[in-house]
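Residue strings, one per chain:
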Amino acid sequence: MSSKLNRRNALKNIIAGTAAIGVSSGISSFAMDKPTQSLALKGNINHSVCRWCFSTFDVDALCTEAKKIGIKGIDLVGPKDWPILKKHGLESTMCNGAEINLVDGFNDKKFHEQLIKNYSAMIPLVAAAGYKNLICFSGNRRGKDDETGWNNCVEGLKQLMPLAEKHGVVLVMELLNSKINHADYQCDKTAWGAELCKRLGSENFKLLYDIYHMQIDEGDVIRTIKENHQYIAHYHTAGVPGRNEIDETQELYYPAIMKAILETGFKGFVAQEFIPKNADKIGSLKKAVEICDI
């Protein structure tokens, strides 16, 4: 199954208060994996991992193994699984559960009523749990030019900014490529997202810079990060091409990218969002964290 379908299927049915991410029926598949050895991490990067990429593992088992590696949080987890993360001392580093799906977003006024209802309910929950980041999406263009998309996003998001500011929650719009995985998605370039940040003018709205997606749609990753870091709250990683493991087979050199991120003064989280191809999935996760830990 393509990464597009995996991600879309994992998120498309999420509604406020739930997280429709597939899990195994209580049977852990860690039996296929080798025992996890702890890493001596340097402490410069705050590591997390995206839940949906490891959806064959139950949340409790994923938390156990992630904690051994030194990972501090899990991305794309909704309220029903937050107690499991808390049990393991892990953070919900990019909360979800308020979005409609990836294609029906803030750039279309017809979705504003539902989105504002969803996010108005979710923002206080995120804050009460002690978390900060809540994901959102532009949605697909459906023929809208940039100006219309920006204006519609501003109109919808501005209604939520006072609540987000009150609770100290950051709404984080993900940059997704429209070339391969998410055809017609509007926030598909860093410049588009940065312009939206400027128009909203709030520290409680920022971008999720997905390195995999932006390498596909625009490249020039290091310079782009350096020039737009003030608008970026969070990072996702994966190998290009194919959203594969981060290793010597892919075209990005992640140690240099991580160095550039650190040089901006970034203190947030970097989450692994690759689709494990190897039987030892946790071993692949550990290797990716090692490569990115500079």
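Each remark here, short or long, concerns the structure printed above.
Computed from a predicted structure; not experimentally measured.

### Focus on the overall build of the protein chain
Within the protein chain one finds 11 helices and 8 strands. Across the 294 residues of the protein chain, 59% fall into the buried class. Counting every atom, the protein chain has about 11,500 Å² of accessible surface; 52% of that belongs to carbon and sulfur.

### Quick word on the pattern of salt bridges
All chains considered together, the criterion is met by 18 salt bridges. Notably, a salt bridge pairs E65 with K68, separated by 3.3 Å at the nearest N-O pair. Taken as a pair, E65 and K68 lie in helix 2 (residues 59-69) at a separation of 3 residues, close to a single helical turn. A residue is classified by how much of its surface remains accessible, and E65, at 11% relative accessible area, is buried. By relative accessible area, K68 is classed as partly exposed at 35%. A salt bridge links R199 to E147, with the nearest nitrogen and oxygen atoms 2.8 Å apart. Of the two residues, R199 is situated in helix 7 (residues 190-200) and E147 in helix 5 (residues 146-158); the sequence distance between them amounts to 52 residues.

### Brief notes about the pairing of strand 6 (residues 205-210)
Among the 6 residues that make up strand 6, 6 are buried, leaving the element largely enclosed by the rest of the structure. One ladder, built from 4 bridges, connects strand 5 (residues 170-174) with strand 6; its direction is parallel. Across the sheet, V172 pairs through a bridge with K206, a residue of strand 6. Of the crossover connections in this fold, the one passing from strand 5 over helix 7 to the parallel strand 6 is right-handed.

### Some words on unusual backbone geometry
In this model, V240 is joined to P241 through a cis peptide bond whose omega is 5 degrees. Within the element layout of this structure, P241 appears in the loop between strand 7 (232-237) and helix 10 (254-263). Even without glycine at this site, D220 takes up a positive phi of about 55 degrees. Take D220: it is sitting in the loop between helix 8 (211-217) and helix 9 (221-228).

### Re the nonpolar core
Taken as a class, soluble globular proteins show a tendency for nonpolar side chains to be buried jointly. Core analysis: the biggest nonpolar cluster contains 90 residues, and Y119, L134, L171, M173, L196, F205 and I211 have the highest contact counts within it. Residue contributions to this core peak at 6 residues, all from helix 4 (residues 112-128). For Y119, the contacting residues outside a window of four places in its chain are A98, E99, F106, P124, L134, I135, C136, L160, L163 and L171.

### Considering the packing of helix 2 against helix 11 (residues 281-292)
Remark: helix 2 packs on helix 11, axes separated minimally by 10 Å, with the N-to-C direction vectors making an angle of 35 degrees. By crossing handedness, the relation of helix 2 to helix 11 is classed as right-handed. Facing L62, E65 and I69 of helix 2, the residues of helix 11 in contact are I282, L285, K286 and V289.

### A closer look at helix 4
Taking 1.5 Å per residue, 17 residues should reach 24 Å; helix 4 reaches 24 Å between its end C-alpha atoms and fits that length. For helix 4, the set of buried residues is H112, L115, I116, N118, Y119, M122, I123 and V126. Elements that come into contact with the buried residues of helix 4 comprise helix 3 (82-87), strand 3 (91-95), strand 4 (133-136), helix 5, helix 6 (161-167) and strand 5. The first or second residue beyond helix 4 is G130, which carries a positive phi of 85 degrees.

### Overview of the environment of K287
For K287, the position within the fold is in helix 11. Sequence separation between K287 and E245 is 42 residues, and the spatial gap between their C-alpha atoms is 8.7 Å.

### Regarding the side chain of D217
As for its position among the elements, D217 is in helix 8. Looking at D217, its side chain comes within polar contact range of the main-chain nitrogen of S178, at 2.9 Å.

### Things to note about the side chain of H236
Summarising the element assignment, H236 is placed in strand 7. The class for H236 is buried, based on a relative accessible area of 0%. A polar side-chain atom of H236 sits 2.7 Å from a polar atom in the side chain of D75. Leave out the neighbours within four places in its chain, and H236 touches C50, D75, E174, L208, Y209, D210, I211, Y212, A271 and E273.

### As for the packing of helix 9 against helix 10
Interaxial distance between helix 9 and helix 10 falls to 9 Å at its minimum, and their mutual angle equals 10 degrees. With respect to each other, helix 9 and helix 10 are oriented roughly parallel. Note on element contacts: helix 10 touches helix 9 through A256, I257, A260, I261 and E263, opposite V221, I222, I225 and K226. Among the residues making up the contact of helix 9 with helix 10, the classes are represented as 7 nonpolar, no polar and 2 charged.

Cut-off values and rules
- Residues numbered from 1 in each chain as written.
- Predicted model: local features only at pLDDT ≥ 70, side-chain atom pairs only at ≥ 80, totals over all residues.
- Heavy atoms only, no water.
- Helix = DSSP H or I, 4+ residues; strand = E, 2+ residues; numbered from the N terminus.
- Buried < 20%, exposed > 50% of the residue type's maximum accessible area, 1.4 Å probe, protein only.
- Areas by Shrake-Rupley, 256 points an atom, 1.4 Å probe, with all protein chains shown as cover.
- Salt bridge = Lys/Arg side-chain N within 4 Å of Asp/Glu carboxyl O.
- Pairing = 2+ DSSP bridges.
- Right-handed = clockwise from strand over helix to strand, strands pointing away.
- Core = buried A, V, L, I, M, F, W, Y, C linked by side-chain atoms within 4.5 Å.
- Contact = heavy atoms within 4.5 Å.
- Axes fitted to C-alpha atoms, helices over the stretch in contact; angles between N-to-C directions.
- Left-handed = near helix turned anticlockwise from the far one by under 90°.
- Expected span 1.5 Å × (residues − 1).
- Polar contact = N/O pair within 3.5 Å; in protein donor to acceptor, adjacent residues only side chain to side chain.
- Parallel < 35°, antiparallel > 145°, perpendicular 65-115°, else oblique.
- Nonpolar A, V, L, I, M, F, W, Y, C, P; charged D, E, K, R; others polar.

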